[in-house]
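So you can see what is in the structure, the chains are spelled out below.
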Amino acid sequence: MRRPSGKIVAMSGSRDGRRIGGQGPKRTGRGAGRARGPEYLLTFPAGLTRLVDACLRVDLAGVETRYSDDSALVITSSSPAARVASLPYAKNTFAVLDEVPRTTFDAAARTLADRIRTSAPEGLPRMRSFRLMAQVDGQLAPLDRRAKEALERALAARTGATVNARGGSGDELWLVGRRDLPRIVLAHRLSKGKRMPAAGALSTELSHLLVRLSGPTPDDRFLDPFCGSGALGRARAASPAASITCSDLDGEPDLTGTGVRYRTEDALRLASVDDGSVDVIVTDPPWGEHVGPGAVASDFYDEMAASFARVLDPRRGRLVLLMARRREDEVTASLERHGLTLTGAVPLLVNGHPATALTALPGR
Ligand SMILES: C[S@@+](CC[C@H](N)C(=O)[O-])C[C@H]1O[C@@H](n2cnc3c(N)ncnc32)[C@H](O)[C@@H]1O
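Now for a quick tour of the structure. (Residues numbered from 1 in each chain as written. Predicted model: local features only at pLDDT ≥ 70, side-chain atom pairs only at ≥ 80, totals over all residues.)

### Details of the overall build of the protein
And step 1. Broken down by element type, the protein carries eight helices and 17 strands.
And step 2. For the protein, buried positions account for 44% of its 364 residues.
And step 3. A separation of at least 24 residues holds for 68% of the contacts in the protein among residues at least 6 apart in sequence. (Helix = DSSP H or I, 4+ residues; strand = E, 2+ residues; numbered from the N terminus. Buried ≥ 20, exposed ≤ 12 C-beta atoms within 10 Å, placed from the backbone. Contact = placed C-beta atoms within 7 Å.)

### Section: helix H4 (residues 145–159)
And step 1. With 15 residues, H4 should cover 21 Å at 1.5 Å per step; its first-to-last C-alpha distance of 21 Å lies within 8% of that length.
And step 2. For H4, the complete set of buried residues consists of Ala 147, Lys 148, Ala 150, Leu 151, Glu 152, Ala 154 and Leu 155.
And step 3. Buried residues belonging to H4 abut helix H3 (105–118), strand S6 (129–136), strand S8 (162–163) and strand S9 (171–177).
And step 4. Looking one or two residues past H4, Gly 160 carries a phi angle of roughly 75°, positive in sign. (Expected span 1.5 Å × (residues − 1).)

### Things to note about the site of the ligand
And step 1. Around the ligand lies a shell of 20 residues, among which Phe 226, Gly 228, Ser 229, Ala 231 and Ala 267 are the nearest.
And step 2. When grouped by side-chain class, the residues that make up the shell around the ligand number twelve nonpolar, four polar and four charged. (Near = placed C-beta within 6 Å. Nonpolar A, V, L, I, M, F, W, Y, C, P; charged D, E, K, R; others polar.)

### Examining the nonpolar core
And step 1. Counting 96 residues, the largest nonpolar core has Leu 41, Ala 187 and Leu 210 as its most contacted members.
And step 2. At seven residues, the largest contribution of residues to this core is made by helix H7 (residues 297–311).
And step 3. Taken domain by domain, the makeup of this core includes at least three residues from each of domain 1 (18–189) and domain 2 (204–362).
And step 4. Discounting chain neighbours no more than four positions away, the residues touching Ala 187 are Leu 41, Phe 94, Ala 95, Val 96, Leu 97, Trp 174 and Val 176. (Core = buried A, V, L, I, M, F, W, Y, C linked by C-beta atoms within 7 Å. Domains from an automatic or database assignment.)

### Quick look at the packing of H3 against H4
And step 1. In contact at an axis separation of 8 Å, H3 and H4 are set at 25° when each is read in the N-to-C sense. Looking at the two axes, H3 sits roughly parallel to H4. At the point where H3 passes H4, the crossing takes the left-handed sense. Two secondary-structure elements touch here, H3 through Asp 106, Ala 109, Arg 110, Leu 112, Ala 113, Ile 116 and Arg 117 and H4 through Ala 147, Lys 148, Ala 150, Leu 151, Ala 154, Leu 155 and Arg 158. (Axes fitted to C-alpha atoms, helices over the stretch in contact; angles between N-to-C directions. Parallel < 35°, antiparallel > 145°, perpendicular 65-115°, else oblique. Left-handed = near helix turned anticlockwise from the far one by under 90°.)

### As for the sheet that holds strand S16 (residues 340–350)
And step 1. Strand order across the open sheet formed by seven strands is S13-S12-S11-S14-S15-S17-S16, with mixed pairing between neighbours. The outermost strands of the open sheet, each flanked by one partner alone, are strand S13 (261–264) and S16. The mean inter-strand angle of the sheet, taken between neighbouring strand axes irrespective of direction, is 20°.
And step 2. Pairing of S16 with strand S17 (residues 353–362) involves ten bridges; the strand directions are antiparallel. The residue of S17 that forms the bridge with Leu 340 is Pro 362.
And step 3. Contacting strand S14 (280–283), strand S15 (318–324), S16 and S17, H7 crosses the sheet at an angle of about 120° to S16. (Pairing = 2+ DSSP bridges.)

### What about unusual backbone geometry?
And step 1. Even without a glycine there, the phi angle at Leu 270 is positive, about 50°.
And step 2. Tracing the backbone shows Leu 270 in the loop between S13 and S14.
And step 3. Residue class for Leu 270 comes out buried when judged on the 22 C-beta atoms lying within 10 Å of it.
And step 4. With a phi close to 50°, Asn 351 is a non-glycine residue in the positive phi region.
And step 5. By the element assignment, Asn 351 lies in the loop between S16 and S17.
And step 6. For Asn 351, a count of 11 C-beta atoms within 10 Å gives the class exposed.

As structure tokens, this is what we get:
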């Protein structure tokens with residue numbers, strides 16, 4: 001396998017499912033020790049920990065990874081919280097306010113309430129109203145009413161905020177547990193209500209991560225030839241490019257105001273695209289069952305590979321292809337048959353379905 005040049009490739013010093021670094025205190029935590037900067041917990045599409053970690057090291061200052069699993073990272077960073085909250089590939093972003101060793105949520109709430117009555121955690125936000133909830137691995141978790149009220153009262157007394165159990169426009173504080181994290185954290189949710197993608201469309205977070213896997217540069221001529229809703233083109237438009245084109249056989253997506261050009265085009269021919277005129281293809285072709293009436297999936301992928309190999313620039317070209325994992329071998333064989341060399345295969349989940357993001361370059 002060749003490694004793509006100029007790309008985000010590796011995460012330093014961490015492995016999925018492991019806590020990274022010492023248990024030492026953080027700036028927002030209790031006790032003595034070296035300050036590390038505020039701590040953040042981020043969640044993202046499952047399977048992309050290494051890529052997210054590598055992106056964070058480019059996008060934020062002074063990143064240290066303290067914990068990772070397949071869909072969450074706890075990091076410290078000296079970047080402003082607003083910068084952390086704006087990362088487009090994070091599903092949810094939390095600022096960690098305090099922590100207790102892993103126990104039940106009820107016991108954690110009581111311990112934290114006692115502590116907060118004595119002194120406010122550094123970084124406790126100014127709030128008008130808030131609600132308190134608990135989750136483990138992203139799933140809501142029950143919290144004993146009395147333990148919850150004890151913590152709410154302590155937080156309300158410290159901040160002057162009112163408790164708004166129904167949420168609304170107020171802030172959200174969470175007790176967060178992760179299956180391999182040896183502590184429960186009290187955290188302030190920074191990211192708010194992301195829009196749900198249209199049916200069949202990739203999420204914004206995954207679209208941004210697939211685009212990052214292509215190592216975008218400002219002189220890229222970008223193409224998504226199976227664009228559907230245009231999610232990948234829209235994600236690519238978040239950073240400069242020479243041109244961004246999306247095409248599909250079906251229905252034009254709304255790309256108003258993005259600068260993305262749309263064409264109705266068969267991806268297996270790409271008749272209007274000149275040989276070697278595309279620098280980057282990031283795309284999500286049909287997953288086997290939807291290759292068209294009467295079409296055979298292996299023929300479809302073979303024609304797709306031939307079409308991509310023709311339009312990609314032989315020197316600068318890069319391909320990122322999101323596939324059903326069960327099709328990985330046949331698609332890889334097709335790519336290689338047409339002179340595209342596989343450089344990576346990242347296993348991930350798309351709405352719970354096993355998938356692989358393949359990366360490839362022209363040339364053998
Ligand atoms: C898995 S969907 C892509 C979803 C897209 N990534 C999104 O976020 O909305 C595959 C798309 O390929 C399109 N398609 C299928 N066969 C095609 C072909 N031969 N040429 C171009 N587009 C095709 C379908 O219309 C569909 O929009």
